[in-house]
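Observations on the model geometry
If you want the building blocks of each chain, they are given just below.
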Amino acid sequence: WLRGERSEGGGALELRYDEFLRELRYETLEGRCGCPCVVTHSLFLRGLFERFGEGPLAARKVSNCGVVCVDVVFADGMAPRLERPRLLFATTLQGGDPPDSPD
């Protein structure tokens, strides 16, 4: 998820995303944590939305110390989905093209 000299290859990155979602699924479905709170880097979050979600979080970076609430949907036989993202506590998105605004 890092860029430049420290970037990971595609296979290692996919493995990291899969492992993260597998642990999240275990904690929410099998563990004692029904609503986990995860602290991560904004580029890692953006990569998750590129692969498993949609909308502006797939194209833009979350501000420093930003907080995003998201529903992670695990359906049998299907890839996980990140749905209904909400920016909390005055969090903003940076970079990329701003989302279309209604007229």
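For the structure itself, look to the data block above.
Below is a summary of the structure that appears in this document.

A closer look at the overall build of the chain
Helix and strand counts for the chain come out as two helices and four strands. Each helix and strand of the chain, placed in order from N terminus to C terminus, yields the pattern α-α-β-β-β-β. When burial is assessed residue by residue, the chain has 22% of its 103 residues classed as buried. Residue pairs at least 24 apart in sequence account for 51% of intrachain contacts in the chain once pairs closer than 6 positions are excluded. Just so you have it, the chain exposes about 7400 Å², and 52% of that area is on carbon and sulfur atoms.

Let's talk about a nonpolar patch on the surface
On the surface, Val67, Leu88 and Phe89 cluster together to form a nonpolar patch covering roughly 290 Å² of accessible area. Structurally, Phe89 can be placed in the loop between β3 (81–88) and β4 (93–94). With relative accessibility at 73%, the residue Phe89 sits in the exposed group.

Quick word on the environment of Phe52
Along the polypeptide, Phe52 turns up in helix α2 (residues 42–52). Taking C-alpha positions, Phe52 is 9.8 Å from Val73, a pair spaced 21 residues apart along the chain. Apart from residues no more than four positions distant in its own chain, Phe52 is found in contact with Tyr17, Asp18, Leu21, Pro80, Arg81 and Leu82.

Points about α2
Two residues of an α-helix separated by three or four positions point the same way, owing to the 3.6 residues in each turn. Burial runs high along α2: eight of the 11 residues are buried. The set of residues buried in α2 consists of Ser42, Leu43, Phe44, Leu45, Gly47, Leu48, Phe49 and Phe52.

As for the pattern of salt bridges
Counted under the stated rule, the structure contains seven salt bridges. A salt bridge links Glu14 to Arg51; the nearest nitrogen and oxygen atoms lie 2.6 Å apart. A residue pair is termed long-range when its members are at least 10 positions apart, and Glu14 in helix α1 (residues 10–30) and Arg51 in helix α2 qualify at 37 residues. In this structure Arg51 comes out as partly exposed when scored by relative accessible area, which is 31%. The network of salt bridges with shared partners includes Glu14, Arg46, Glu50 and Arg51.

Some points on the nonpolar core
Counting 14 residues, the largest nonpolar core has Tyr17, Leu48, Phe49 and Phe52 as the members making the most contacts within it. Looking at this core, the elements with two or more residues in it are α1 and α2. If you tally residues by element for this core, the top one is α2, at five residues.

Concerning the side chain of Thr91
Relative to the assigned elements, Thr91 resides in the loop between β3 and β4. For Thr91, a relative accessible area of 10% puts it in the buried group. When near neighbours in sequence (up to four residues on either side) are disregarded, Thr91 contacts Val62, Ser63, Gly66 and Val67.

Basis of the calculations
Residues numbered from 1 in each chain as written. Predicted model: local features only at pLDDT ≥ 70, side-chain atom pairs only at ≥ 80, totals over all residues. Heavy atoms only, no water. Helix = DSSP H or I, 4+ residues; strand = E, 2+ residues; numbered from the N terminus. Buried < 20%, exposed > 50% of the residue type's maximum accessible area, 1.4 Å probe, protein only. Contact = heavy atoms within 4.5 Å. Areas by Shrake-Rupley, 256 points an atom, 1.4 Å probe, with all protein chains shown as cover. Patch = residues over 30% accessible without salt bridge, like charges linked within 9 Å, V, L, I, M, F, W, Y side chains within 5 Å. Salt bridge = Lys/Arg side-chain N within 4 Å of Asp/Glu carboxyl O. Core = buried A, V, L, I, M, F, W, Y, C linked by side-chain atoms within 4.5 Å.

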